Amino acid sequence: MTAAVSVLVGAGLLAALAAGLGGGFDAVAIVLFAALAAVGALGIAVARRSTGGGAGPARCAGCGGLVSRAAPLCKHCGAPLPAGRRDARS
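Residues numbered from 1 in each chain as written. Predicted model: local features only at pLDDT ≥ 70, side-chain atom pairs only at ≥ 80, totals over all residues. Heavy atoms only, no water.

Draft legend 1. Focus on the overall build of the protein chain. A tally of regular secondary structure across the protein chain gives two helices and two strands. N-terminal to C-terminal, the α/β element order of the protein chain is α-α-β-β. Per-residue burial for the protein chain yields a buried fraction of 17% across its 90 residues. At a minimum sequence separation of 6, the contacts of the protein chain that also span at least 24 residues come to 30%. For the protein chain, the computed accessible surface area is about 5900 Å², with 70% contributed by carbon and sulfur atoms. (Helix = DSSP H or I, 4+ residues; strand = E, 2+ residues; numbered from the N terminus. Buried < 20%, exposed > 50% of the residue type's maximum accessible area, 1.4 Å probe, protein only. Contact = heavy atoms within 4.5 Å. Areas by Shrake-Rupley, 256 points an atom, 1.4 Å probe, with all protein chains shown as cover.)

Draft legend 2. Up close: the packing of aromatic side chains. This model, assessed by the stated rule, comprises one aromatic pair. For the ring pair Phe 25 and Phe 33, a centre distance of 6.2 Å and an interplane angle of 65 degrees mean the geometry is edge-to-face. Taking the relative accessible area as the measure of exposure, Phe 25 reaches 34% and is therefore partly exposed. Of the residues examined, Phe 33 reaches a relative accessible area of 25% and is grouped as partly exposed. (Phe/Tyr/Trp six-rings, centres within 6.5 Å; stacked < 30°, edge-to-face > 60°.)

Draft legend 3. Broad picture of helix 1 (residues 2–23). Helix length check: helix 1, at 22 residues, gives a terminal C-alpha distance of 31 Å against a target of 32 Å (1.5 Å per residue), a fit within 8%. Within helix 1, the full set of buried residues consists of Thr 2, Val 9 and Gly 20. Viewed along the axis of helix 1, the buried residues span an arc of 35 degrees, placing them on a single side of the element. Projecting away from the buried face of helix 1 at angles above 90 degrees are the exposed residues Ala 3, Val 7, Leu 8, Leu 14, Ala 19 and Gly 22. Where helix 1 terminates, the next one or two residues include Gly 24, which has phi positive at roughly 90 degrees. (Expected span 1.5 Å × (residues − 1). Arc of directions from axis to C-beta.)

Draft legend 4. Layout of a nonpolar patch on the surface. Among the surface-exposed residues, Leu 14, Leu 17, Leu 21, Phe 25 and Ile 30 lie close enough to one another that they form a single nonpolar patch of about 490 Å² accessible area. Residue contributions to the nonpolar patch peak at three residues, all from helix 1. Mapped onto the fold, Ile 30 is located in helix 2 (residues 27–51). (Patch = residues over 30% accessible without salt bridge, like charges linked within 9 Å, V, L, I, M, F, W, Y side chains within 5 Å. Salt bridge = Lys/Arg side-chain N within 4 Å of Asp/Glu carboxyl O.)

Draft legend 5. Structural detail: the environment of Ala 79. Here Ala 79 lies in the segment after strand 2 (66–67). Between the C-alpha atom of Ala 79 and that of Ala 61, which follows or precedes it by 18 residues, the distance is 8.3 Å. Excluding residues that lie within four positions of it along the chain, Ala 79 makes contacts with Cys 60, Pro 72, Leu 73 and Cys 74.

Next up, the structure:
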């Protein structure tokens, strides 16, 4: 999925650059192009994070309940969650 998002962002940036070079860049076009590049970079970062397994909840090793990755304790059984890797599944 990350490769597809990267290709789409790259194609969009190339199309915007070609349109800008063909029609001439003014100050507004440069700001819009920079905003498009920033949104594209954000999309790539989100795609990488979602495929890395770090975007969802963790499971408690004690009860198997879903908990936040940042939680120090399980909200279901109160068991402490390891600080380094809070997901007992992987």
